[in-house]
Amino acid sequence: MSHLDIAHPYFGVFVIFVFTFVAFLATTFLSRFVGRKLANKNNQKLKLAPYECGLAPTKQPNRISSQFYIMALLFILFDVEIIFMFPWAVDFQVLGMFGFVEMILFIFLLLIGFVYAWRKGALQWQSMK
């Protein structure tokens, strides 16, 4: 048996896959190259101005509180942890006492994390200034 087995049933699929991948890369790089060469590089002030009527927009600093991020992170954390309880509930009879003790331990660890977040003030909504 040779190292290159052309008679393999999936050899044709592999060749088509490689050809498609190479064609995709060639098309992507060619379109990027042509687009950059044909692009108009004329950066006039009128060209860069917004098309809408009215005053020119000004940039404002982003004043979003980090409390949004912390609340979303805690929600996702506890939401995903609750999802882990569904398979346990489905196989509750099969798992027996061992599964029950493991789930009580799991809920206890979740409770420790919840109390920690609560004590640190992560669940209190602070007024936006």
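Here is what the cut-offs are and how they apply
- Residues numbered from 1 in each chain as written.
- Predicted model: local features only at pLDDT ≥ 70, side-chain atom pairs only at ≥ 80, totals over all residues.
- Heavy atoms only, no water.
- Patch = residues over 30% accessible without salt bridge, like charges linked within 9 Å, V, L, I, M, F, W, Y side chains within 5 Å.
- Areas by Shrake-Rupley, 256 points an atom, 1.4 Å probe, with all protein chains shown as cover.
- Salt bridge = Lys/Arg side-chain N within 4 Å of Asp/Glu carboxyl O.
- Helix = DSSP H or I, 4+ residues; strand = E, 2+ residues; numbered from the N terminus.
- Lys, Arg positive; Asp, Glu negative; His and termini not counted.
- Charge placed at Lys NZ, Arg CZ, Asp CG, Glu CD.
- Core = buried A, V, L, I, M, F, W, Y, C linked by side-chain atoms within 4.5 Å.
- Buried < 20%, exposed > 50% of the residue type's maximum accessible area, 1.4 Å probe, protein only.
- Contact = heavy atoms within 4.5 Å.
- Expected span 1.5 Å × (residues − 1).
- Bend = angle between axes of the 7 residues up to and from the residue.

A. How the structure looks around a nonpolar patch on the surface. A contiguous nonpolar surface patch, about 890 Å² in accessible area, is contributed by F14, V15, F17, V18, F21, V22, F24, L25 and F29. With respect to the secondary-structure elements, L25 resides in helix α1 (residues 11-38).

B. Broad picture of a positive patch on the surface. Taken together, the side chains of R32, R36, K37 and K41 present a region of like positive charge at the surface. Within the fold, R36 resides in helix α1.

C. Region of interest: the nonpolar core. The biggest cluster of nonpolar side chains holds seven residues, and these are L74, F78, M85, M103, L110, A117 and A122. Tallying contributions element by element places helix α5 (residues 92-119) first for this core, with three residues.

D. Fine view of the side chain of E81. Here E81 lies in helix α3 (residues 66-83). Despite its burial, E81 pairs with no opposite charge; the closest candidate is K120, at 20 Å N-O. Beyond its immediate chain neighbours, meaning those up to four positions away, E81 contacts F106 and L110.

E. Layout of α5. In a regular helix each residue adds 1.5 Å, so 28 residues correspond to 40 Å; α5 covers only 33 Å between its end C-alpha atoms and thus falls short of that length. F98 marks where α5 bends most, by close to 75°. Every buried residue of α5 is accounted for by G99, M103, L110 and A117. Turning to α5, the residues buried within the fold contact α3 and α4 (85-90).

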